[in-house]
Amino acid sequence: MKKPNHREDTAQCEHVSGMIARISDKWTMLVVHILGTGPYRFNALRREVGEISQKVLASTLRDLEENGFVSRTVTPAKPPQVEYALTQLGQELLVPVRALAEWVIANSPRMDAARTTYAERQKIENPTRN
């Protein structure tokens, strides 16, 4: 990405923005993180993720599969068993996901302090809002 308003760069920026929007939501990041430890069946993954609805998890997994981050394997059994795993692309996505998580952990005290400072400043600047 070189110059703003250059058609090729604008298209690349739009592509990057769209892909970041697809992969940066809370559930996608958690699912990728959990699948980074190995394959999971749907219900086991749902229990591991926590407070996620079946519908949202199914949608998240479909989006990850559609974009090549997750593979879905159906084992013929009664009832059929479905297992989800990260693809090679998903494993590569795990690298920045983990790096971002580590950055958040390392910088949480600074962000907490900034929020506290901001809230105190807002009380002074806008006393009627509080």
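Please read these numbers as outputs of a predicted model, since none were measured by experiment.

Peer 1: Give a description of the nonpolar core that names residues and reports values.
Peer 2: One recurring pattern in soluble globular proteins: nonpolar side chains tend to sit buried together. Grouped together as the largest cluster of nonpolar side chains are 22 residues, with contacts concentrated most on V31, L35, L45, L61 and V70. Here this core takes 5 residues from helix α2 (residues 26–35), the largest share from any one element. Apart from the residues within four sequence positions on either side, L45 is in contact with V31, I34, L35, Y40, L57 and L61.

Peer 1: Please give an account of the pairing of strand β3 (residues 81–86) that cites residues and values.
Peer 2: Pairing of strand β1 (residues 40–41) with β3, which is carried by 2 bridges, proceeds in the antiparallel orientation. Looking at the pairing, R41 lines up with E83 of β3. Bridging between strand β2 (residues 70–75) and β3 involves 6 bridges; their strand directions are antiparallel. Paired with R72 across the strands is Y84, a residue of β3. Here β2 folds back onto β3, and the loop between the two strands holds 5 residues.

Peer 1: For the pattern of salt bridges, give the residues involved together with the corresponding values.
Peer 2: A side chain with one charge may pair with a side chain of the opposite charge, provided their charged atoms come close. Counting across every chain of the model gives 2 salt bridges. Between D112 and R115 there is a salt bridge; the shortest N-O distance is 2.3 Å. Residue D112 and its partner R115 are located together in helix α5 (residues 88–125), separated by 3 residues, close to a single helical turn. For D112, a relative accessible area of 37% gives the class partly exposed. What makes R115 exposed here is its relative accessible area of 51%. R121 is the partner of E125 in a salt bridge, and the nearest nitrogen-oxygen pair spans 3.7 Å. Residue E125 and its partner R121 are both found in helix α5; the two are separated by 4 residues, about one turn of the helix. For E125, a relative accessible area of 48% gives the class partly exposed. Classification of R121 by relative accessible area gives partly exposed; the value is 38%.

Peer 1: Lay out the environment of E65 with the relevant residues and their values.
Peer 2: Mapping E65 onto the fold places it in helix α4 (residues 54–66). Distance in space between the C-alpha atoms of E65 and P127 is 50 Å, their sequence separation being 62 residues. Apart from the residues within four sequence positions on either side, E65 is in contact with V70 and R72.

Peer 1: For the confidence of the model for the protein chain, give the residues involved together with the corresponding values.
Peer 2: Per-residue pLDDT for the protein chain has a mean of 90; in total, 93% of the residues score no lower than 70. Taken element by element, the protein chain is modelled with least confidence in helix α1 (residues 7–23), mean pLDDT 82, and with most confidence in β1, mean pLDDT 97.

Peer 1: Let's hear about the packing of α2 against α5: which residues, and what values?
Peer 2: Two numbers describe how α2 lies on α5: the axes approach to 9 Å, and their chain directions differ by 110 degrees. On the basis of the axis angle, α2 is roughly perpendicular to α5. Regarding α2 and α5, the two cross each other, and that crossing is left-handed. Between α2 and α5, the residues in contact are M29, V32 and H33 and G90, L93, L94, V97 and L100, respectively.

Thresholds applied
- Residues numbered from 1 in each chain as written.
- Predicted model: local features only at pLDDT ≥ 70, side-chain atom pairs only at ≥ 80, totals over all residues.
- Heavy atoms only, no water.
- Core = buried A, V, L, I, M, F, W, Y, C linked by side-chain atoms within 4.5 Å.
- Buried < 20%, exposed > 50% of the residue type's maximum accessible area, 1.4 Å probe, protein only.
- Helix = DSSP H or I, 4+ residues; strand = E, 2+ residues; numbered from the N terminus.
- Contact = heavy atoms within 4.5 Å.
- Pairing = 2+ DSSP bridges.
- Salt bridge = Lys/Arg side-chain N within 4 Å of Asp/Glu carboxyl O.
- pLDDT = per-residue confidence, 0-100.
- Axes fitted to C-alpha atoms, helices over the stretch in contact; angles between N-to-C directions.
- Parallel < 35°, antiparallel > 145°, perpendicular 65-115°, else oblique.
- Left-handed = near helix turned anticlockwise from the far one by under 90°.

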